[in-house]
Amino acid sequence: MATPSMEDYIEQIYLQLEARGEARVSDVAEALSVLPSSVTKMAQRLDREGYVVYERYRGLELTDKGMQFGKKLVKRHDLLEQFLRIIGVEEKNIYKDVEGIEHHLSWNAMDRITDLVEAMKDDDEFVRKLKERQSF
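Model, not experiment: these values are computed from the prediction. (Residues numbered from 1 in each chain as written. Predicted model: local features only at pLDDT ≥ 70, side-chain atom pairs only at ≥ 80, totals over all residues. Heavy atoms only, no water.)

A count of helices and strands for the protein chain gives seven helices and two strands. Scanning the protein chain from its N terminus toward the C terminus, one meets helices and strands in the order α-α-α-β-β-α-α-α-α. Looking at the protein chain as a whole, 35% of its 136 residues qualify as buried. When contacts within the protein chain are restricted to residue pairs at least 6 apart in sequence, long-range pairs at least 24 apart make up 55% of them. (Helix = DSSP H or I, 4+ residues; strand = E, 2+ residues; numbered from the N terminus. Buried < 20%, exposed > 50% of the residue type's maximum accessible area, 1.4 Å probe, protein only. Contact = heavy atoms within 4.5 Å.)

A word on helix α1 (residues 4-20). Every α-helix carries 3.6 residues per turn, so stepping three or four residues along brings you back to the same face. In this model, α1 (17 residues) spans 24 Å end to end at C-alpha, consistent with the 24 Å of a helix rising 1.5 Å per residue. Taken together, the buried positions of α1 are occupied by Met6, Glu7, Tyr9, Ile10, Glu11, Gln12, Ile13, Tyr14, Gln16 and Leu17. The secondary structure elements touched by the buried residues of α1 are α2 (25-32), α3 (36-49), β1 (52-53), β2 (61-62) and α4 (64-86). With its phi angle positive at about 80 degrees, Gly21 sits one or two positions after the end of α1. (Expected span 1.5 Å × (residues − 1).)

With that out of the way, let us pick up unusual backbone geometry. Unusually for a residue other than glycine, Ser33 sits at a positive phi of about 55 degrees. Secondary-structure assignment places Ser33 in the loop between α2 and α3. When its relative accessible area of 68% is taken as the criterion, Ser33 is described as exposed. With a phi close to 65 degrees, Tyr57 is a non-glycine residue in the positive phi region. Relative to the helices and strands, Tyr57 resides in the loop between β1 and β2.

Another point: the packing of aromatic side chains. The final tally for this structure, using the stated rule, is two aromatic pairs. Seen from their ring centres, Tyr51 and Phe69 are 5.7 Å apart, and the 35 degrees between their planes marks the pair as tilted. Taken together, the residues Tyr51 in the loop between α3 and β1 and Phe69 in helix α4 connect sequence positions 18 residues apart. Site record: aromatic cluster; members linked through ring pairs are Tyr51, Phe69 and Trp107. The ring of Trp107 carries the charged tip of Lys72 above its face, separated from the ring centre by 4.2 Å. (Phe/Tyr/Trp six-rings, centres within 6.5 Å; stacked < 30°, edge-to-face > 60°. Lys NZ or Arg CZ within 6 Å of the ring centre and 35° of its normal.)

On inspection of all chains with the given rule, the structure shows twelve salt bridges. One salt bridge in this structure joins Glu91 and Arg85, with 2.7 Å as the shortest N-O distance. Judged by relative accessible area, which is 36%, Arg85 ranks as partly exposed. Through salt bridges with shared partners, a single ionic network connects Arg20, Glu22, Arg24 and Asp27. (Salt bridge = Lys/Arg side-chain N within 4 Å of Asp/Glu carboxyl O.)

What follows covers the environment of Ile87. In this structure, Ile87 sits in the loop between α4 and α5 (91-101). Ignoring any residue separated from it by four or fewer positions in sequence, one finds Ile87 in contact with Met120, Leu130 and Gln134.

Right under this line is the structure:
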């Protein structure tokens, strides 16, 4: 079972690989505002857990397990951003709020939020009424 910290690293490695085709220790460190030595230590742990292939002086690679989990983590993050936007959370708060809650929800709760987001996307009247309530 991945810890919240492990999830953050896997998600960031996945995002780097998707955006640039490579994930370097220094880039992951910068993105997460940590020291490169922290990334190296976590990469070694993720390697032992089967998420990452770590070799010194090479970029970070995700295993199939890591790629699947990284994709799931990014989808979770995106879904929570959508949800907070739909319910009217101020844009300036969304990223921080998502970071604060994403690791504390069960995957079952995420499935229910997915269902709710899909239902709200299909119900313009509900979203309109919700936004009207926010203007009070």
